[in-house]
Structures are given as structure tokens and as C-alpha cells.
Amino acid sequence: MSAASYTFETQQDVLRLNAQGDWSIAFVALIDADLRRLAEPAGGLREAVIDLSGITRLDTSGAFVLDRTATVFRSHGLRPRFEGMRDEHRLLIDKIAQL
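Calculation criteria
Residues numbered from 1 in each chain as written. Predicted model: local features only at pLDDT ≥ 70, side-chain atom pairs only at ≥ 80, totals over all residues. Heavy atoms only, no water. Phe/Tyr/Trp six-rings, centres within 6.5 Å; stacked < 30°, edge-to-face > 60°. Buried < 20%, exposed > 50% of the residue type's maximum accessible area, 1.4 Å probe, protein only. Core = buried A, V, L, I, M, F, W, Y, C linked by side-chain atoms within 4.5 Å. Helix = DSSP H or I, 4+ residues; strand = E, 2+ residues; numbered from the N terminus. Contact = heavy atoms within 4.5 Å. Arc of directions from axis to C-beta. Pairing = 2+ DSSP bridges.

## Thoughts on the packing of aromatic side chains
Right, so step 1: Applying the stated rule across the entire model yields one aromatic pair.
Right, so step 2: Here the aromatic rings of Y6 and F8 are separated by 5.4 Å at their centres, their planes lie at 75°, and the arrangement is edge-to-face.
Right, so step 3: You can call F8 partly exposed: its relative accessible area is 36%.

Take a look at the structure:
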């Protein structure tokens, strides 16, 4: 089982966060502090894609961190969008977003 990790890349006016590994309570604390400190992205970016296709496991704590990250992107003026979500990931993130 690989620990939660992520990478960033930019493509034109899109910031992409590629999430990988086990985003469960056992591992998500390792990256939570880094994601809390997200700086305002460089100018010219309009959208933030959070790609979950590399996630091998997601629980409520991981879904909370991903939802909070989308909120941070929104506060920086970016339109967040999730990609690569399995049905069970969508259910968790949608539930967390309702809180």
C-alpha cells in the first residue's frame, strides 16, 4: 500500500493536482499540513483540476482533505473540478461537501 501523495502541474490556464496512493486516515496526515499551506497560485490560472484517478483508497478523512483543498482553490479564484472519481469516491466527497 503506498502512502498518500500528490503532484502539481500547470497546463495553459489550468492547475492540476494529481492525487495518488492511499488517502485514508492512516496516510493522509502526512500530506494534510502541506495542503493546508497552499499558496495562491500564479496569475493567469482559472481552473483547478483535482485528479483522483491515482487514488487506491479513500476514506472520510481523505475526502475531507480533498474537499477542503477544492475550497482553498475556490478562495484563490480558481474553479475547482474533480476528475477520475470512482463512484464510491464521488459519494464520499459529495457527503463531505454537504457538511
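## Re the nonpolar core
Right, so step 1: If you look at the biggest cluster of nonpolar residues, it comprises 25 residues, and the most contacted ones within it are W23, L52, L66 and F73.
Right, so step 2: Those elements that place two or more of their residues in this core are β2 (14-23), α1 (29-36), β3 (47-58), α2 (60-75) and α3 (87-97).
Right, so step 3: With six residues, α2 is the single largest residue contributor to this core.
Right, so step 4: Sequence-distant contacts of F73, that is, excluding residues within four places in its chain, are made with F8, L15, L17, L38, A48, I50, L78 and P80.

## Quick notes on α1
Right, so step 1: For α1, the complete set of buried residues consists of I31, D32 and L35. Viewed end-on, α1 has its buried residues packed into an arc of 120°, placing them on one side of the element. Looking at α1, the residues exposed on the side facing more than 90 degrees away from the buried face are A29 and L30.
Right, so step 2: Tucked into the core, α1 has its buried residues touching β1 (5-11), β2 and α2.

## Quick word on the pairing of β2
Taken residue by residue, a regular strand's side chains alternate between the two faces of the sheet.
Right, so step 1: Most of β2 is tucked away: nine of the 10 residues are buried.
Right, so step 2: As judged from the seven bridges shared by β1 and β2, these two strands associate in the antiparallel manner. By the bridge assignment, Q11 is partnered in β2 with V14.
Right, so step 3: Counting the residues between successive antiparallel strands, the hairpin from β1 to β2 contains two residues, one of them, Q12, with a positive phi of roughly 60°.
Right, so step 4: Examined bridge by bridge, β2 and β3 share nine bridges and lie parallel to one another. Bridged to Q20 within β3 is G54.

Note that all results are geometric; they support no functional claim without further evidence.
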